[in-house]
Amino acid sequence: MDTIASLFSFITTPVSWVIVQFHSVYGAIFGPDTGWAWGLSIVSLVILIRICLIPLFVKQIKSTRAMQTLQPEMKKIQERYKNDKARQSEEMMKLYKETGTNPLSSCLPILAQSPFFFALYHVLNGIATGDKIGVINEQLLESARKAHIFGAPLAAKFTDGSAKVEALGASLMDVRVVTAIMIVLMSASQFFTQRQLMTKNVDTTVKTPFMQQQKMLMYVFPVMFAVFGINFPVGVLVYWLTTNMWTMGQQMYVIRNNPTPGSKAQAAYLERLYKHVTHAGKTRRRSEKAIIKAIVAKGRDRNDAERKFITGLTKVGFAAQTDGTVIKSEAQAATQAEDGTPTSAAAAKRQQPKRQSKSQRHSTAPKAAGETTSLTKSDEPEDAKPSGATGAAQQGAAKPGAAGRSKAQSGQRKGGPQRPKSPSKK
């Protein structure tokens, strides 16, 4: 083990130096021999490593997004050259070269993190065996061996015997309970991270072998962590649990703010973006402009969530531009009042008078006719009015509504001579 550590001293020495620097800071607060000082030193090392790996993580996201976009084309190539594996590989490499994608880019964070994990494992294993590695001297080695996290020494393993655990100043029950809980949390965080990726950030409109592989890895990785975790010291378990929690939080942020097109996360993101744009009237973040720009550039190739987003903006009077900005559309500007107050088309429609029904129009017609007749009668001279019974009959026939009253009388005919009335008895 010393030979292997000496061969990789170029990475174990910097890692041990970083741990010692963090320990000097936390040791002044919690005490140099406490588990908090050494445990927080390991956590801080993880955070420092992951911050340095953020550029690679961004490159991994872009590569994974590009690979998901190429899945339909890759499936066509596989179906076209299913009997010619050499030609299939050649066309795949040609497709990667034309689009500028690299399948290995998705593995860069894991590959870059592996040397640090290897170095940390040997540093903590050296603490367990009492070997000095890197800049850790005898005094720091003794301090680390005395450090306990919830009763479990940093150098203890789940598979250690009672004699070795007692030599580290702990009980076997405490070590196995703490390591078992940490292994379960480590495997659960890995499973949740992969499941979140599969259920929310995968294009559900395209079914490809890539999705089946990711689904298989969702169950394989947690099992691997559980199997290998029983042979890891407590310090390494702290390292892996911390990096898994960091990965889970980082992925949640990416899925929420930069989801995969066609995924459930994209539909939820566009719904939030729609509410924000319609409320503020513009886009504020550069990432929002980039996503809107990509949606506009797709044209007819938009998915259902993207079409719903563009249609919703159009209905409320906004238009997405090719540069990712959102402005008021011409149709909305045309409906503005002269004083600049915006009015929607729906409000303009509500201001129009309601259409009358047929029965309402008929009920108002006699009233209008009666008003016209009364005006006509008032204009006639008094000497032109007929006198006597004949004049009264003619005047009654000329009164408005007389035709309606004559129709209302029972026993009368609509046209022709009327029946004579029977003489009344006096």
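As shown above, the structure is provided for reference.
Residues numbered from 1 in each chain as written. Predicted model: local features only at pLDDT ≥ 70, side-chain atom pairs only at ≥ 80, totals over all residues. Heavy atoms only, no water.

(A) Highlighting the overall build of the chain. Helices and strands together make up the secondary structure of the chain, namely 20 helices and four strands. Going through the 426 residues of the chain one by one, you find that 35% of them count as buried. Across the chain, the fraction of contacts at a sequence separation of at least 24, relative to all contacts at a separation of at least 6, is 63%. (Helix = DSSP H or I, 4+ residues; strand = E, 2+ residues; numbered from the N terminus. Buried < 20%, exposed > 50% of the residue type's maximum accessible area, 1.4 Å probe, protein only. Contact = heavy atoms within 4.5 Å.)

(B) Representation of helix α2 (residues 9-30). An ideal rise of 1.5 Å per residue puts 32 Å on 22 residues; α2 measures up with 30 Å between its terminal C-alpha atoms. Where α2 bends most, at serine 24, the angle is about 25°. Within α2, burial applies to Ile11, Thr12, Val15, Ser16, Val18, Ile19, Val20, His23 and Gly27. Backbone geometry just downstream of α2 places glycine 31 in the positive-phi region, at approximately 110°. (Expected span 1.5 Å × (residues − 1). Bend = angle between axes of the 7 residues up to and from the residue.)

(C) Fine view of the packing of aromatic side chains. Under the criterion given, the structure shown has four aromatic pairs. Between phenylalanine 191 and tyrosine 219 the ring centres are 5.8 Å apart and the planes differ by 50°, which places this aromatic pair in the tilted class. Of the two residues, phenylalanine 191 is situated in helix α10 (residues 172-200) and tyrosine 219 in helix α11 (residues 209-229); the sequence distance between them amounts to 28 residues. The structure contains a cluster of three or more aromatic residues connected by ring pairs, namely Phe225, Tyr239 and Trp240. Looking at arginine 176, its charged tip hangs above the ring of phenylalanine 158, at a distance of 5.6 Å from the centre. (Phe/Tyr/Trp six-rings, centres within 6.5 Å; stacked < 30°, edge-to-face > 60°. Lys NZ or Arg CZ within 6 Å of the ring centre and 35° of its normal.)

(D) The nonpolar core, seen in detail. If you look at the biggest cluster of nonpolar residues, it comprises 45 residues, and the most contacted ones within it are Tyr239 and Trp240. Of all the secondary-structure elements, those providing two or more residues to this core are α2, α3 (35-52), α7 (108-129), α8 (138-146), α10 and α12 (234-257). With seven residues, α7 is the largest single contributor of residues to this core. Those residues in contact with tryptophan 240, other than ones at most four positions away along the chain, are Gln113, Phe117, Met186, Phe225 and Phe232. In terms of nonpolar packing, the next biggest core, distinct from the first, is built from 13 residues, Leu270, Val277, Ile291 and Leu313 among them. (Core = buried A, V, L, I, M, F, W, Y, C linked by side-chain atoms within 4.5 Å.)

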